[in-house]
Amino acid sequence: MPAPGPVGHRHLDPRLLRAFVTVADELHFTRAAARLYVAQQALSRDVRRLERELGAELFVRSTRQVTLTSDGERLLPYARRVLAAQDELLDAFGQARPLLVDLNYRDAVTARRVLHRARELAPEHELMARYESGLTGAAAELLAGRLDASFGRYAGLDPALRGRLDHQLVRHEPMAVVLPDDHHLACLDAVPLAALAGETVYAGAGNPRTPEWTDLARRLFDGRGIEIAPPAPLAVGDEEFERIMAKMRHPILAVTDFPPMPRTVLRPLVDPVPLSPVSLVWRRGMTHPALDALRRAAAELSAGEGWLRVPEGGWVPDADA
């Protein structure tokens, strides 16, 4: 085990201590990960990182059991006191502050359902909706502390942003296309991707708040003869977006829960069924009891609704998978 760094430069992330205490309580990494609503691999990484920072092995791991080492037993009461002090501080200052949750746009079904369920799970806390229209745009607000959580395609963010954020995959949303109601494909119940060959499809190109969506479209359209429409004037609000899109008359890449627009039809995409990965995203190291409720709600809905299943023939970008 490597030696710890100089005392003057050492800092322990409370998240690592919480990971350690939860594993110590459960003596089982899978159950501990479920309690914390994280992937088991992520939990194992956090524990290994804590061991490196302390220069001590905390658990003996075997295929059958997990036990605390003598260093782990020595650390446990200290870790509990640190976390109790942190919880006490949050009780004094953090709980009164509302959790600001960006839903992207007003009719975002996945994000809205998670928010509503979190409010049911934690009625004593205030979770307030915001609408930032794009995860890249929201990420800057998250890092500045002006937002607490958002939803979107985490893998599409710049790596420098991802390094300062945490995420929890919530859903693989089936994708669709919005067509003018007189478009030659509007008569179909579902649109095969091959039928879009030769079309120019709007996917937010040039919008500085949504490059993760344009990147998803680029990966989906690559090799299929589908062009991404050039940048359009940046529209603020549903009414302006609908007006600009009606003027351009390009098909629009969307998801199957996209809200209706005048003089258009929404058709699911098939052959393959493309899926848009949606994560709950928050600032790394952030703690707030309402965020815990939001994560519980996301995990509950993901499991109960089968949101993370990839159907046979489904398509997810390699970068996200």
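This is a predicted model, so every value here is computed, not measured.

## Focus: the packing of helix α5 (residues 109-121) against helix α10 (residues 289-305)
Then comes step 1: Running from N to C, α5 and α10 cross one another at 120°; their axes reach a closest spacing of 8 Å. One finds that α5 runs oblique with respect to α10. Seen from above, α5 lies across α10 with right-handed handedness. Of the residues in α10, those touching α5 at Arg-113, Val-114, Leu-115, Arg-117, Ala-118 and Leu-121 are Ala-293, Leu-294, Arg-296, Ala-297, Ala-298, Glu-300, Leu-301 and Glu-305.

## Some thoughts on the environment of Leu-157
Then comes step 1: Mapped onto the secondary structure, Leu-157 falls in the loop between β5 (149-152) and α7 (159-162).
Then comes step 2: Separated by 30 residues in the primary sequence, Leu-157 and Leu-127 place their C-alpha atoms 25 Å from one another.
Then comes step 3: If we ignore the near neighbours within four places in the chain, the residues touching Leu-157 are Leu-135, Thr-136, Arg-162, Leu-165 and Glu-212.

## Some words on helix α3 (residues 40-54)
Then comes step 1: The first and last C-alpha atoms of α3 sit 21 Å apart over 15 residues, in line with the 21 Å expected at 1.5 Å per residue.
Then comes step 2: One or two positions beyond α3, positive phi appears at Gly-55, with a value near 65°.

## Here we look at the confidence of the model for the protein
Then comes step 1: Of the residues in the protein, 93% have a pLDDT of 70 or more, and the chain-wide mean is 89.
Then comes step 2: The least confident element of the protein, judged by mean pLDDT, is helix α9 (residues 238-248) at 78; the most confident is strand β7 (residues 191-192) at 98.
Then comes step 3: Note that residues 5-9 has pLDDT below 50 and, in this model, one contact with residues that lie over four places away or in other chains.

## Concerning unusual backbone geometry
Then comes step 1: Look at the link from Asp-271 to Pro-272: it is a cis peptide, with omega at 0°.
Then comes step 2: Its location among the elements puts Pro-272 in the loop between β11 (264-270) and β12 (273-283).
Then comes step 3: Structurally, the position occupied by Asp-271 is in the loop between β11 and β12.

## Topic: α5
Then comes step 1: For α5, which comprises 13 residues, the first-to-last C-alpha distance of 18 Å matches the rise-based estimate of 18 Å (1.5 Å per residue) to within 8%.
Then comes step 2: Buried residues along α5 sit in contact with β3 (99-102), β4 (127-130), β5, β6 (165-180) and α10.

## Here's the deal with the pattern of salt bridges
Proximity of charged atoms lets side chains of opposite charge pair with each other.
Then comes step 1: Overall, the coordinates contain 22 salt bridges when judged by the stated rule.
Then comes step 2: Glu-51 is the partner of Arg-61 in a salt bridge, and the nearest nitrogen-oxygen pair spans 3.3 Å. Here Arg-61, found in strand β1 (residues 59-61), pairs with Glu-51, found in helix α3; they are ten residues apart in sequence, far enough to count as distant.
Then comes step 3: Across the salt bridge formed by Glu-300 and Arg-117, the nearest N and O atoms sit 2.5 Å from each other. Of this pair, Glu-300 sits in helix α10 while Arg-117 sits in helix α5, and the two are 183 residues apart along the sequence.

## A look at the pairing of β11
Each regular strand carries side chains that alternate between the two faces of the sheet.
Then comes step 1: Summarising the sheet, β6 and β11 pair through five bridges and their orientation is antiparallel. Within β11, the position partnered with Val-178 by the bridge is Leu-266.
Then comes step 2: Pairing between β7 and β11: two bridges, direction parallel. Bridge pairing in β11 links Val-191 to Leu-269.

## Focus: the side chain of Ser-279
Then comes step 1: For Ser-279, the location among the structural elements is in strand β12.
Then comes step 2: At 2.9 Å, the side chain of Ser-279 forms a polar contact with the side chain of His-167.
Then comes step 3: In contact with Ser-279, not counting residues within four places along its chain, are Ser-150, Phe-151, Gly-152, Tyr-154, His-167, Gln-168, Leu-169 and Val-170.

## Quick notes on the side chain of His-172
Then comes step 1: With respect to the helices and strands, the residue His-172 is situated in strand β6.
Then comes step 2: With near-sequence residues (within four places) excluded, His-172 lies in contact with Leu-275, Ser-276, Pro-277, Trp-307, Leu-308, Arg-309, Val-310 and Val-316.

Conventions and cut-offs
Residues numbered from 1 in each chain as written. Predicted model: local features only at pLDDT ≥ 70, side-chain atom pairs only at ≥ 80, totals over all residues. Heavy atoms only, no water. Axes fitted to C-alpha atoms, helices over the stretch in contact; angles between N-to-C directions. Helix = DSSP H or I, 4+ residues; strand = E, 2+ residues; numbered from the N terminus. Parallel < 35°, antiparallel > 145°, perpendicular 65-115°, else oblique. Left-handed = near helix turned anticlockwise from the far one by under 90°. Contact = heavy atoms within 4.5 Å. Expected span 1.5 Å × (residues − 1). pLDDT = per-residue confidence, 0-100. Salt bridge = Lys/Arg side-chain N within 4 Å of Asp/Glu carboxyl O. Pairing = 2+ DSSP bridges. Polar contact = N/O pair within 3.5 Å; in protein donor to acceptor, adjacent residues only side chain to side chain.

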